[in-house]
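Fold and geometry: a report
This is what each chain is made of:
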Amino acid sequence: MPKKKRETSEFCFCEIPYNEPILALMGSEWIRVYGENVYKRHFHNLLEIGYCHYGVGELIIEEDQHHFESGTISCIPANIRHVTRSDTNVEAFWEYLYICPEDVLRHCGRSGQEIKDSVDRLNEKAIILKSEEDPIMGQLIKAIFQKMQNKNSYYQECVSGLVYALLFEIILLHDRQTEVFLGKASSFRLENAIVYIEKNYSSNFKISDLASECHMSETHFRKIFQENMNMTPIEYINFVRVKKACDLIDKTDSSMEDVAEQVGFITPSTFNRNFRRIIGTSPYQWKRRPVTIKKEQKT
């Protein structure tokens, strides 16, 4: 009898496009048979908001399966494993918003503990519901898609305001005791390490620190991480640091030496080597690329 293949997870790093308030994935390219030839769940570094325009199937979040159909809304916090699977040979049409709540709340005037408390509430649970269960949420999501599609004057400001309202609509939903909620209790044993890296990527921590966060020995942690992530812990840490560096290069005038230090690389040579390996170009070439190309590469 063949040995059952161990399920792995895939980390999908989402970048918000240059000078945009959010990342919006829209249009006909998202009409597809979801889950076809996909054998593992994935998770993101951003809050994912999905809206199903048509189609039927299952949305699997951690160990729970939930039916989706036209008008289904999903709100999935960062670092929660999930996968969308259409019914056999059935095309579905989903569109997605990827949001960094901290950035939106800060842009709209929140600060300090207010941001932390709001983000903690947003990260408590994933939500699956029908649009008629919360018409305001459905209208906000559709309005954001429309603004991001048309990109008329002041669309960034309009989208920021709409997303701000959407985040607090999600928080208000957490006060409703209905079955639309999915508990965040996760079987993903590496989640504590993923969160730790996201918060401490600029620090000089050890793999043993990550193992402790997951209540594992270092040897066992390295084995489980490789099996689930298809990369070593060091490779993942460097991946996160390089992606953070890309963001700093785009949004600041910091020198490359300062960028390297801010994202946690001890020497510029280590930074340059990992940047080229992951991005395919040097940090200086990345910074000098035309803005038009910069935007295309990030969407």
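Structure: see above.
Parameters at a glance
Residues numbered from 1 in each chain as written. Predicted model: local features only at pLDDT ≥ 70, side-chain atom pairs only at ≥ 80, totals over all residues. Heavy atoms only, no water. Salt bridge = Lys/Arg side-chain N within 4 Å of Asp/Glu carboxyl O. Buried < 20%, exposed > 50% of the residue type's maximum accessible area, 1.4 Å probe, protein only. Helix = DSSP H or I, 4+ residues; strand = E, 2+ residues; numbered from the N terminus. Expected span 1.5 Å × (residues − 1). Arc of directions from axis to C-beta. Contact = heavy atoms within 4.5 Å.

A few words on the pattern of salt bridges. Evaluation of the coordinates by the stated rule reveals eleven salt bridges. The shortest N-O distance in the salt bridge between Arg110 and Glu114 comes to 3.8 Å. A relative accessible area of 26% places Arg110 in the partly exposed class. A salt bridge links Arg222 to Glu218; its shortest N-O distance comes to 2.9 Å.

Here we take up unusual backbone geometry. Residue Asn89 is not a glycine yet carries a positive backbone phi of 60°. Secondary-structure assignment places Asn89 in the loop between strand S9 (82-86) and strand S10 (92-99). Since its relative accessible area comes to 65%, Asn89 is described here as exposed. Of note, Lys151 is a non-glycine position whose phi angle comes to about 50°, a positive value. The class of Lys151 is partly exposed, set by a relative accessible area of 42%.

A word on helix H7 (residues 218-229). Between its terminal C-alpha atoms H7 stretches 16 Å, which fits the 16 Å expected from twelve residues at 1.5 Å a residue. Taken residue by residue, H7 has Phe221, Ile224, Phe225, Glu227, Asn228 and Met229 as its buried positions. Considered in projection along H7, the buried side chains sweep an arc of 170° and stay on one side of the axis. Buried residues along H7 sit against strand S1 (9-12), strand S4 (41-44), helix H5 (191-200), helix H6 (207-213) and helix H8 (233-251). Directly after H7, the chain includes Asn230, whose backbone phi takes a positive value near 60°.

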